[in-house]
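Breakdown of the fold
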Amino acid sequence: MSAAAVEQPHGESALIAEANRLMERNPGYRVEIIGGQLLVSPPPDGPHGIALTDVMAPFMAAGLHGIESKVVQGIGLWLPTGSDDYAIPDLSLVDGDYREHYVSNNCYDPVCFRLVVEVTSSNYRTDLRTKVAAYAEAKVPVYVIVDRKHERLHVLSSPVGDTYESHRPYAPGELVVLPDIIGAKVTLDAAAIIEAGRPQRP
């Protein structure tokens, strides 16, 4: 996989130290740094977790969690967008040798990432805009977004600069066939995943 070169950190910066303090003080929250800005996401609700499991199951069934690749939740991805930048995708498909690509702060070089998945929460604009640019610049080959607000699955592929050449939204009733570059044939049922992730009403 081709990926953007990442800057190797020299010790823990003040910004990363603050991000880690925020995570310690707020269990269950996800703290990321993108474009030099701290992004804090609330703990996911139940439907978020079920949608994520429903996305993950076809990857497992396709044999992508084995020797050549691993399916992993909450693994840090070191970004080339800034000296302290990193993201923590909801789900990632990484090369089997990902441990050899450790950078810092529980994050790994984007060269070992084949695909990332985000399931939107209240801060859905981050997944639909900010992270599109960040993952494209990191040259992550495929980015899948489960857009719970607009009830769509988005598949972005072929990163160029800070965007993806291909961006295809899928509505309920459509089957999503992911690009072959991930290493196996994987099909997602848009309707089932969107239904599973439908936000819980008070």
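Reading guide: rules and limits
- Residues numbered from 1 in each chain as written.
- Predicted model: local features only at pLDDT ≥ 70, side-chain atom pairs only at ≥ 80, totals over all residues.
- Heavy atoms only, no water.
- Helix = DSSP H or I, 4+ residues; strand = E, 2+ residues; numbered from the N terminus.
- Rg over C-alpha atoms; globule rule 2.2 N^0.38 Å.
- Contact = heavy atoms within 4.5 Å.
- Areas by Shrake-Rupley, 256 points an atom, 1.4 Å probe, with all protein chains shown as cover.
- Lys, Arg positive; Asp, Glu negative; His and termini not counted.
- Charge placed at Lys NZ, Arg CZ, Asp CG, Glu CD.
- Phe/Tyr/Trp six-rings, centres within 6.5 Å; stacked < 30°, edge-to-face > 60°.
- Buried < 20%, exposed > 50% of the residue type's maximum accessible area, 1.4 Å probe, protein only.
- Lys NZ or Arg CZ within 6 Å of the ring centre and 35° of its normal.
- Patch = residues over 30% accessible without salt bridge, like charges linked within 9 Å, V, L, I, M, F, W, Y side chains within 5 Å.
- Salt bridge = Lys/Arg side-chain N within 4 Å of Asp/Glu carboxyl O.
- Core = buried A, V, L, I, M, F, W, Y, C linked by side-chain atoms within 4.5 Å.
- Polar contact = N/O pair within 3.5 Å; in protein donor to acceptor, adjacent residues only side chain to side chain.
- Right-handed = clockwise from strand over helix to strand, strands pointing away.
- Pairing = 2+ DSSP bridges.

**Topic: the overall build of the protein chain**
- When helices and strands are counted, the protein chain shows four helices and 14 strands.
- Relative to the compact-globule value of 17 Å for 202 residues, the protein chain shows a C-alpha radius of gyration of 16 Å, a close match.
- On the principal axes, the C-alpha backbone points of the protein chain span a range of 50 × 40 × 30 Å.
- Taking as baseline every contact in the protein chain between residues at least 6 positions apart, the subset at least 24 positions apart corresponds to 56%.
- A total accessible area of about 9,500 Å² is found for the protein chain, and carbon and sulfur atoms account for 50% of it.
- Charged side chains of the protein chain number 17 positive and 26 negative; the gap between the two group centres comes to 6 Å.

**So, the packing of aromatic side chains**
- Taken as a whole and judged by the stated rule, the model has four aromatic pairs.
- Here W78 and Y86 contribute two aromatic rings whose centre-to-centre distance is 6.4 Å and whose plane-to-plane angle is 15°, an arrangement assigned as stacked.
- With centroids separated by 4.9 Å and ring planes inclined at 80°, the aromatic side chains of Y135 and Y143 adopt a geometry described as edge-to-face. Exposure class is identical for Y135 and Y143. Each is buried.
- In this arrangement the basic side chain of R168 is found over the ring face of Y170, its NZ or CZ atom lying 4.1 Å from the centre.

**Comments concerning a positive patch on the surface**
- A cluster of basic residues, R125, R129, K149 and R201, forms a positive patch on the protein surface.
- Turning to its location among the elements, K149 is positioned in the loop between strand 10 (142–147) and strand 11 (152–160).
- According to the relative accessible area criterion, K149 is exposed, its value standing at 51%.

**Quick word on the nonpolar core**
- Counting 27 residues, the largest nonpolar core has F59, L115, L153, L178 and I182 as the members making the most contacts within it.
- Where this core is concerned, the elements lending two or more residues are helix 2 (46–61), strand 6 (91–95), strand 9 (113–119), strand 10, strand 11 and helix 4 (190–196).
- Per element, the largest residue contribution to this core is five residues, and it comes from helix 2.

**Overview of the environment of V55**
- Inspection of the secondary structure assignment puts V55 in helix 2.
- Overall, V55 belongs to the buried group, its relative accessible area being 0%.
- Along the sequence, V55 and V72 sit 17 residues apart, while their C-alpha atoms lie 12 Å from each other.

**Quick word on the side chain of N105**
- Relative to the elements of secondary structure, N105 occurs in the loop between strand 7 (102–104) and strand 8 (107–108).
- Side chain to side chain, N105 and N20 meet in a polar contact 3.1 Å long.
- Residue contacts for N105: discarding those within four places in its chain leaves I16, N20, W78 and Y86.

**Focus: the environment of D95**
- Take D95: it is sitting in strand 6.
- Put simply, D95 and D84 are 11 residues apart on the chain and 23 Å apart in space, counted from C-alpha to C-alpha.

**Describing unusual backbone geometry**
- Although it is not a glycine, N105 sits at a positive phi angle of roughly 50°.
- Phi at K139 takes a positive value of approximately 65°, unusual for a residue other than glycine.
- Classification of K139 as partly exposed rests on a relative accessible area of 26%.

**Brief notes about the pairing of strand 10**
- Here strand 10 lies mainly inside the structure; six of its six residues are buried.
- The two faces of strand 10 match: V142, V144 and V146 on one face and Y143, I145 and D147 on the other face are all buried.
- Tracing the backbone out of strand 9, into helix 3 (residues 124–137) and back to the parallel element strand 10 gives a crossover that is right-handed.
- As paired elements, strand 10 and strand 11 share six bridges and run antiparallel to each other. Bridged to D147 within strand 11 is R152.

Geometric values such as these leave the question of function open.
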